[in-house]
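Letter by letter, the chains look like this.
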Amino acid sequence: MYGVLWLPRFRLQAVLRGESNTWRPFALVDDAQRKPVVLVCNEAAARYGIEPGSPVGRGLARCPELEIRRPDPEAEESVRRLMLAVAWDWGPKMEATERNLLTLDLSGQGEKERAGAAEETRERLLDQELVSCVGLAATPALARIAAFAAERETGKIWELPESRRLEALDRLPLATAEMDGRLIERLQTWGLHFLGEFARFPRSSIAARLGEEGVEWWDLLNSRDCPPLRLVQPAHRVEERQELECEVDSLEPVLFLLRRFLSSMSLQLRALSRVAGAMRLSLQLASGEDYERRFQLPEPTREEEILFRVLHGHLEQIELRAPVAAVTLEMVPVDPREVQRGIFDTALRNPWKFEETIDRLVGIVGNENVGSPRLNDSHAADDFRLDALPKQIEEPEKETGPPVCGPVLQRWRPPEEAVVQYRRDGWPERVESSHVRGWVTGWRGPWRGSGHWWNRRAWSRIEWDVEIESGQVYRLTKTEKRWWVEGCYG
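Since the structure is predicted, the reported quantities are computational estimates derived from the model, not experimental observations.

Peer 1: Please explain the pattern of salt bridges as it appears in this structure.
Peer 2: Proximity of charged atoms lets side chains of opposite charge pair with each other. Counted by the stated rule, this structure contains 33 salt bridges. R80 is the partner of E77 in a salt bridge, and the nearest nitrogen-oxygen pair spans 2.9 Å. Taken as a pair, E77 and R80 lie in helix α4 (residues 73-90) at a separation of 3 residues, close to a single helical turn. Judged by relative accessible area, which is 25%, E77 ranks as partly exposed. The class of R80 is partly exposed, set by a relative accessible area of 22%. E162 is paired through a salt bridge with R165; the nearest N and O atoms lie 3.1 Å apart. Overall, R165 belongs to the buried group, its relative accessible area being 11%. Where salt bridges share partners, they join R11, E76, E77, R80, R81 and R99 into one cluster.

Peer 1: For this particular structure, what's the right way to read the side chain of S132?
Peer 2: Counting through the fold element by element, S132 comes out in the loop between α5 (111-127) and β7 (133-137). For S132, a relative accessible area of 1% corresponds to the buried category. Not counting residues up to four positions away in its chain, the partners in contact with S132 are L5, W6, L7, P8, R122, L125 and K156.

Peer 1: Before we go on, may I ask you to explain the environment of D31 in this structure?
Peer 2: Within the element layout of this structure, D31 appears in the loop between β2 (26-30) and β3 (37-41). Residue classification places D31 among the partly exposed positions, given a relative accessible area of 40%. The spatial distance from the C-alpha of D31 to the C-alpha of P71 is 9.8 Å, given a sequence separation of 40 residues. Contact partners of D31, with chain neighbours within four places excluded, come to P36 and R70.

Peer 1: So what exactly am I meant to see when it comes to the sheet that holds strand β11 (residues 290-301) here?
Peer 2: Each strand in a sheet pairs with its neighbour through backbone hydrogen bonds, running either in the same direction (parallel) or in the opposite one (antiparallel). With respect to topology, 4 strands assemble into an open sheet ordered β9-β12-β10-β11, the strand pairing being antiparallel. Taken across any chain shown, the strands that pair with only one partner, and hence form the sheet edges, are β9 (238-248) and β11. If you compare each strand with its neighbour and ignore which way they point, the axes differ by 15 degrees on average. Bridging between strand β10 (residues 275-285) and β11 involves 8 bridges; their strand directions are antiparallel. Paired with A278 across the two strands is Q296, which belongs to β11.

Peer 1: Can you help me understand the pairing of β10 in this one?
Peer 2: A regular strand places its side chains on the two faces of the sheet in alternate fashion. Counting buried positions over the 11 residues of β10 gives 9, a clear majority of the element. Across 10 bridges, β10 lies against strand β12 (residues 324-334) in antiparallel orientation. If you follow A278 over to β12, its bridge partner there is V332. Linkage of β10 to β11, two consecutive antiparallel strands, is achieved through a turn of 4 residues, within which G288 is found at a positive phi near 100 degrees.

Peer 1: Sorry if this is basic, but what is going on with the sheet that holds strand β4 (residues 67-69) here?
Peer 2: Taken in spatial order, the 3 strands of this open sheet run β3-β2-β4, and their pairing is mixed. At either margin of the open sheet sits one strand with a lone partner, and together these are β3 and β4. Within the sheet, the average angular offset between the axes of one strand and its neighbour, ignoring direction, is 40 degrees. Across 3 bridges, β2 lies against β4 in parallel orientation. The residue of β4 that forms the bridge with A27 is I68.

Peer 1: What is the right way to look at the nonpolar core in this model?
Peer 2: For soluble globular proteins, nonpolar side chains are generally found buried alongside one another. Core analysis: the biggest nonpolar cluster contains 37 residues, and I145, W158, M179, L187, L195, F198 and L221 have the highest contact counts within it. Ranked by residues supplied to this core, first place goes to helix α6 (residues 140-150) with 9 residues. If sequence neighbours within four positions are ignored, L195 has contacts with I145, L169, L172, P173, L174, T176, A177, M179 and L221. Membership of the second largest hydrophobic core comes to 28 residues, among which are V238, L269, F295 and L315.

How each quantity is defined
- All chains use their own residue numbering, which begins from 1 and follows the written sequence.
- Residue-level local features of this predicted model are given only where pLDDT is at least 70; pairs of side-chain atoms are given and counted only at 80 or more, and the full residue set underlies all totals for whole chains, interfaces and linings.
- Each side-chain value is derived from all of the structure's non-hydrogen atoms; neither hydrogens nor water enter the calculation.
- Note on definitions: salt bridges are taken to be side-chain nitrogens of Lys or Arg within 4 Å of carboxyl oxygens of Asp or Glu.
- Secondary structure elements follow DSSP: runs of H or I of four or more residues count as helices, runs of E of two or more count as strands, with numbering from the N terminus.
- Type-normalised accessible area, obtained with a 1.4 Å probe on protein chains alone, sets the label of each residue: buried when under 20%, exposed when over 50%, and partly exposed for intermediate values.
- Note on definitions: a residue-residue contact is assigned when non-hydrogen atoms from the two residues lie within 4.5 Å.
- For two strands to be treated as a pair, DSSP must find no fewer than two bridges joining them.
- Geometry is summarised by axes, namely lines fitted to C-alpha atoms with helices restricted to the contacting stretch, and by angles between N-to-C directions that run from 0 to 180 degrees.
- By nonpolar core is meant a set of buried Ala, Val, Leu, Ile, Met, Phe, Trp, Tyr and Cys residues that side-chain atoms within 4.5 Å join together.

Below, the structure is given as structure tokens:
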């Protein structure tokens with residue numbers, strides 16, 4: 001048994017996908033010719049007598065509300081990749097017979113399983129705003145005819161069972177099989193108007209009167225022609241791009257487009273048995289500039305809602321200099337990660353929530369003020385930098401040398417400015433600051449340090465550790481002509 005998945009009006013569906021007013025008359029026009037003609041039109045336009053090949057002027061005269069659109073190769077390629085991904089779940093043995101038609105080998109699937117999978121495939125494409133027709137038959141050619149016949153039926157799925165093949169063909173006009181017009185006229189002169197009548201005609205009489213062409217059609221209708229399929233696989237590149245007809249300067253249209261992209265790309269990743277390890281968002285601006293951002297995901301996934309939250313959270317924080325003219329989203333497919341952690345291993349409970357929290361912090365304080373502190377290779381006190389936050393909690397580095405013993409200095413940020421009184425021998429005698437006030441009863445120091453004298457980052461300081469009458473120990477620092485209380489020991 002074979003199945004054919006067909007998208008009627010493929011080029012027009014690709015252009016109108018995502019629009020809400022598809023009930024209005026639309027026509028796809030080829031304006032490369034001297035006199036533009038209609039390539040394809042929807043049912044609303046066909047009611048006015050507009051058909052493929054007719055001049056555009058005639059169509060506008062018959063229907064002033066006719067909306068003209070032009071082909072979009074990028075949208076067509078996107079729909080083609082989506083078709084392959086959806087059909088891959090139905091059956092991996094398939095042939096891309098045409099850009100809008102796939103032929104699948106369904107051998108091994110039971111009748112109920114086959115019918116259920118066909119309906120599910122149609123529903124999944126319908127969720128992507130694509131109308132499809134499905135044909136089921138014993139040979140690829142008959143399944144193709146059944147798919148064309150499904151367009152005439154309300155169910156959109158048409159099965160041509162081998163046991164009732166001729167009875168089913170009796171319902172189909174000759175034009176359903178895409179026969180040559182001259183051959184159809186010749187058969188009609190014989191009184192043959194349906195495919196079943198032609199299939200019942202003796203093969204010898206067909207060969208004598210119509211020659212090789214007639215025999216080929218007769219063999220096709222009688223299940224005698226079943227060539228092998230040229231199998232294909234879904235494309236390993238997962239990317240969606242859309243050029244906007246009107247430039248947008250608000251966030252909602254871009255988010256709507258990204259939501260549709262993610263729905264389609266999730267199906268493509270599923271067909272590849274992969275997940276997304278990273279995303280690349282590119283916005284082409286009307287000014288000619290491009291805004292690009294790569295998102296390294298905390299955990300590989302293909303969940304639409306999670307991926308959308310990552311994009312949404314970032315776009316809410318940026319301000320573009322010009323309206324958006326085109327949107328491109330690309331996924332980096334990777335194998336699903338399987339991790340079995342030990343009992344004492346630490347990891348983020350919810351890496352996605354952690355990522356959203358960091359994005360919100362960046363939006364409030366700026367990207368340069370969010371990160372993981374790392375000490376610089378310098379003798380300067382409190383000299384550190386902010387590195388990008390890791391996606392997973394890292395194991396702490398093992399310290400070398402003797403273990404730390406004694407009280408630990410708790411630094412204050414920012415340090416408190418203080419007034420220090422000296423004794424005659426130069427040792428501190430009393431400390432006065434907003435939180436520290438008292439006489440010095442013990443001290444250690446001074447420790448002098450300096451560095452970076454060769455550039456503008458030069459520093460010089462004198463440090464004392466003092467104990468005041470309350471028994472608390474503090475760190476005092478003198479820089480130039482000012483004193484600071486840097487912290488306390490606890």
